[in-house]
Amino acid sequence: MSDYSQVFTITLEVVLHRIDDRFRAELEPRREINASTSLRVAYDGTFPVKSGSVVNFFESNVSFRDFDQDMAGAHTVFRLRGPPRGVPAYSARILPVSRRPISCVANLPPSILQSIARAAVDHRVFGWRSKLMSIGSVCKAWTCMLDVFLVLLTRDTSTSDPPAPLAVARLLKLKPECGKLICCFRLEDYAGLSKGIDNEVQFISRCRAILTILSSARTIKRIHLPGIHKSLQEDFVQILSRLECVEHCTIYDHDSHMGKIAEFTVGEIQQFIANWIGLRQLEIAFRTIVSTRAFDDEVPELQCRIVNLRLRTSHLTGRQFVRFTSSRLRKVELERLIGPLNRDLLSFLSAAAPSLTSLTIRSCTFLRQTMHEEYAIDAVMHQLCALEELAVSGDILTARAIAEKAPAKHSSSPVSFTATLAPALYIDDLPESLETSGWNIVTIRALPGFMDDTDLWMKQQALEIAARRNIIFTYGAVC
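Report on the accompanying structure. (Residues numbered from 1 in each chain as written. Predicted model: local features only at pLDDT ≥ 70, side-chain atom pairs only at ≥ 80, totals over all residues. Heavy atoms only, no water.)

## With respect to the pattern of salt bridges
Two side chains carrying opposite charge are able to pair once their charged atoms lie near each other.
Part 1 of the argument: Counting across every chain of the model gives ten salt bridges.
Part 2 of the argument: Taking the shortest distance from any N to any O, the salt bridge between E335 and R336 comes out at 2.6 Å.
Part 3 of the argument: We classify E335 as buried; its relative accessible area is 13%.
Part 4 of the argument: The partly exposed category is assigned to R336, whose relative accessible area is 35%.
Part 5 of the argument: In this structure, the salt-bridge partner of E374 is R400, at a minimum N-O distance of 2.2 Å. (Salt bridge = Lys/Arg side-chain N within 4 Å of Asp/Glu carboxyl O. Buried < 20%, exposed > 50% of the residue type's maximum accessible area, 1.4 Å probe, protein only.)

Here you go:
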């Protein structure tokens, strides 16, 4: 039985005795040999040496060292490729590769080797990642190719040829210094993290590989947090806490693998991002669970100054919610939040007022303690001088949010207001609000229903005032 774990390179030179430019002197493995025996020979390529002479390269699972140099035994394995009529006479011999001097390519400077590798994978043909890893494993002098692999790992948008996380983890164990070359971690950059997991043991093995990658890649700038087995949750949080350069973080839902995916509270998330000084964009599109631990609400203040914030489907306390705000916050999107009160939203918006340019709130209920408590958006609207876009839905504001909007500073584009199904936004208050409004576009979507004569008159008044003040005003029913 042949040893399939070994691969031998066979180099054969074919020389035509009568030169014929119409015919290329190429050999090919005989199909009947591969089909009927344990010998396996694969054609790899040819290289013209001179007119009428070609070097052929093959890979085999059997060494051909015992063959005679005149190819006495090799004729049973190879034959001339595609011979035409009147095949010229030829001879073939095995080149003594082992006796040839070592190629100077192995001694090229790493920078030149890396340039060659980048040019070789420029077209991103299928298998380019595995080829780079193979090239980098040839010898110590070629390990610089692994640097090219890691640099290109997350820069290619194609998902047709992702590497296995276990392979990358083994690479980083051998060359931990290469971790600094990984600037981004995304689930889609690796094979088998979102699909192809058959059992829990396999899932845990791949999760450990993720932890190895993240523990080595301390300078990651963009990270999309993957789903982790709940047995590794504590180690995962500690590794994330040690990251130093994260600027963009996304936490999103994952498919449940046998119900073993770790679940996080907002307190745990704030625990590992607390020291990410450079964090500028945070997106939590993840069903965070309700905290049952007191320390979750006692996390130290965040050192980062978030610029873009998106929170969706999160359970959090008012204190945790306010902790996300900063004087540099520019864009905020809130959807289906559970926990914060109207007073917490007021504190949040007051801190962000100098810089906030876009605010979107959908399906959130910021409860007021009394019916007479002022809506947070109404109360802070006169401070939101930089606000250019406001889109809300639900019981969250009144017509004061239209009336008290000051013109946006340093804005060359129109500032827009959109309210959907806002029960406290009465049509009777719209004409007066539009008289003083700083919005350029006002869109209101209400429930479809009967409008009496008074409502129709108020709507007409609002339209006339808006036209006089060059405000694009739309009042209609939700489709």
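## Quick notes on helix 10 (residues 342-352)
Part 1 of the argument: Among all positions in helix 10, only N342, D344, L345, F348, L349 and A352 are buried. The buried residues of helix 10 occupy an angular sector of 155° when projected down its axis, which confines them to one face.
Part 2 of the argument: In this structure, the buried residues of helix 10 make contact with strand 11 (308-312), helix 9 (318-323), strand 12 (331-335), strand 13 (358-362) and helix 11 (376-380). (Helix = DSSP H or I, 4+ residues; strand = E, 2+ residues; numbered from the N terminus. Arc of directions from axis to C-beta. Contact = heavy atoms within 4.5 Å.)

## Let's talk about the side chain of S358
Part 1 of the argument: Tracing the backbone shows S358 in strand 13.
Part 2 of the argument: When its relative accessible area of 8% is taken as the criterion, S358 is described as buried.
Part 3 of the argument: Ignoring any residue separated from it by four or fewer positions in sequence, one finds S358 in contact with R330, K331, V332, L387 and E389.

## A few points about helix 8 (residues 266-273)
Part 1 of the argument: Burial within helix 8 is extensive, with seven of its eight residues counted as buried.
Part 2 of the argument: Looking only at helix 8, the buried set comprises V266, G267, E268, I269, Q270, F272 and I273.
Part 3 of the argument: Those residues of helix 8 hidden inside the fold are in contact with strand 8 (222-225), helix 7 (233-241), strand 9 (248-252), strand 10 (281-285) and helix 9.

## Here we look at the pairing of strand 8
Part 1 of the argument: Summarising the sheet, strand 7 (residues 184-185) and strand 8 pair through two bridges and their orientation is parallel. What sits directly across from C184, in strand 8, is R222.
Part 2 of the argument: Sheet topology places strand 8 next to strand 9; four bridges connect them, and they run parallel. Among the inter-strand pairings, L225 is bridged to a residue of strand 9, identified as I251.
Part 3 of the argument: Note that the unit made of strand 8, helix 7 and strand 9 has a crossover that is right-handed. (Pairing = 2+ DSSP bridges. Right-handed = clockwise from strand over helix to strand, strands pointing away.)

## Re the packing of aromatic side chains
Part 1 of the argument: According to the stated counting rule, one finds six aromatic pairs in the structure shown.
Part 2 of the argument: Geometrically, the ring pair formed by F264 and F272 is edge-to-face, given 6.5 Å between the ring centres and 80° between the ring planes.
Part 3 of the argument: The exposure class assigned to F264 is buried, which follows from its relative accessible area of 7%.
Part 4 of the argument: Geometrically, the ring pair formed by F417 and W439 is tilted, given 5.7 Å between the ring centres and 50° between the ring planes. You can see F417 sitting in strand 15 (residues 416-420) and its partner W439 sitting in the loop between helix 13 (430-436) and strand 16 (441-446), a full 22 residues away along the chain. In terms of burial, F417 and W439 fall into one category: buried.
Part 5 of the argument: An aromatic cluster of three or more residues is present, and its members are F236, F264, F272 and W276. (Phe/Tyr/Trp six-rings, centres within 6.5 Å; stacked < 30°, edge-to-face > 60°.)

## As for unusual backbone geometry
Among all residues except glycine, the phi angle is most often negative; among peptide bonds, the trans geometry is most common.
Part 1 of the argument: Although it is not a glycine, S363 adopts a positive phi angle of roughly 55°.
Part 2 of the argument: Along the chain, S363 falls in the loop between strand 13 and helix 11.
Part 3 of the argument: For N470, which is not a glycine, the phi torsion comes out positive at approximately 60°.
Part 4 of the argument: Residue position: N470 is located in the loop between helix 14 (453-468) and strand 17 (472-477).
Part 5 of the argument: Looking at N470, the relative accessible area reads 66%, which means it is exposed.

## So, the packing of helix 7 against helix 8
Part 1 of the argument: Between helix 7 and helix 8, whose axes approach to 7 Å, the crossing angle comes to 40°. From helix 7, Q233, V237, L240 and S241 reach across to helix 8, where they touch E268, Q271 and F272.
Part 2 of the argument: Here the contact of helix 7 with helix 8 is composed, by residue class, of three nonpolar, three polar and one charged. (Axes fitted to C-alpha atoms, helices over the stretch in contact; angles between N-to-C directions. Nonpolar A, V, L, I, M, F, W, Y, C, P; charged D, E, K, R; others polar.)

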